[in-house]
Amino acid sequence: MPLSPSIERTPLHTRRVTCQGYERADGLWDIEGHITDEKHYAFDNDWRGTIEPGQFLHEMWIRLTVDDTLTVRAVEVATDNSPFAHCPAILPNFQRLVGLRIATGWTNAVKMRLGRTEGCTHLVELLGPVATTAFQTLAPVLTARRTGKAGPPPVLNTCHVMASEGPVVKRWFPEHYTGPADGEQTQD
């Protein structure tokens, strides 16, 4: 169900975030994020002159190359458009992500390496949906590949629906189900 209709309004700003996941021929995975910001009115910028509607104020890209454990093996970043000439100077700092694993604590680890003046706010924000896209890209493929192998599926206990005591795990991964047995009473 979409949002309810709004009262009359004027569009001022559009941010678009697009993320895509790819399986590479060498066994690694590329996860790419692209972020754009666009104003719906013309305005002057000290470095770029007048920015017209349809021109991006921000246009930035990031590619994380990860392995099957979601460990970052390589990083590539690009800033095509920014409001300040100095913005791209921070891009080399994103190499600090190499060796990090996309898992619990990812956001804090990113902020430790690239927070505040050590990174670009927009690219750091983009790393959240990029991490989610990495998980969404790898989890189904790796789960299918591990059928019949020991160990829990990578999605186990990653969200409410995949809780080990929940109905989805009971149905899809019964060997990892930890909830009450059929007919067993639970304590309140």
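Residues numbered from 1 in each chain as written. Predicted model: local features only at pLDDT ≥ 70, side-chain atom pairs only at ≥ 80, totals over all residues. Heavy atoms only, no water.

Asker: Before we go on, may I ask you to explain the pattern of salt bridges in this structure?
Answerer: Charged atoms that come close allow side chains of opposite charge to pair. Here the structure, examined in full by the defined rule, presents 10 salt bridges. A salt bridge links Glu32 to Arg63; the shortest N-O distance between them is 2.6 Å. Note that Glu32 is positioned in strand β2 (residues 29-39) and Arg63 in strand β5 (residues 56-66), a separation of 31 residues in sequence. Residue classification places Arg63 among the partly exposed residues on the basis of a relative accessible area of 29%. (Salt bridge = Lys/Arg side-chain N within 4 Å of Asp/Glu carboxyl O. Helix = DSSP H or I, 4+ residues; strand = E, 2+ residues; numbered from the N terminus. Buried < 20%, exposed > 50% of the residue type's maximum accessible area, 1.4 Å probe, protein only.)

Asker: Just checking my understanding: could you explain the pairing of strand β6 (residues 72-81) for this structure?
Answerer: Strand direction decides the pairing type here: β5 and β6, joined by eight bridges, are antiparallel. Counted as the bridge partner of Glu59 is Asn81 from β6. Here β5 folds back onto β6 in antiparallel fashion, the turn holding five residues, of which Leu70 has a positive phi close to 65°. (Pairing = 2+ DSSP bridges.)

Asker: When you look at unusual backbone geometry in this model, what are you seeing that I'm missing?
Answerer: The backbone of Leu70 sits at a positive phi, close to 65°, despite the residue not being glycine. In this fold, Leu70 is placed in the loop between β5 and β6. In this structure, Asn157 takes a positive phi of about 60° despite not being glycine. Structurally, Asn157 is set in the loop between α2 (121-145) and α3 (167-172). Look at Asn157 and you get partly exposed, because its relative accessible area is 48%.

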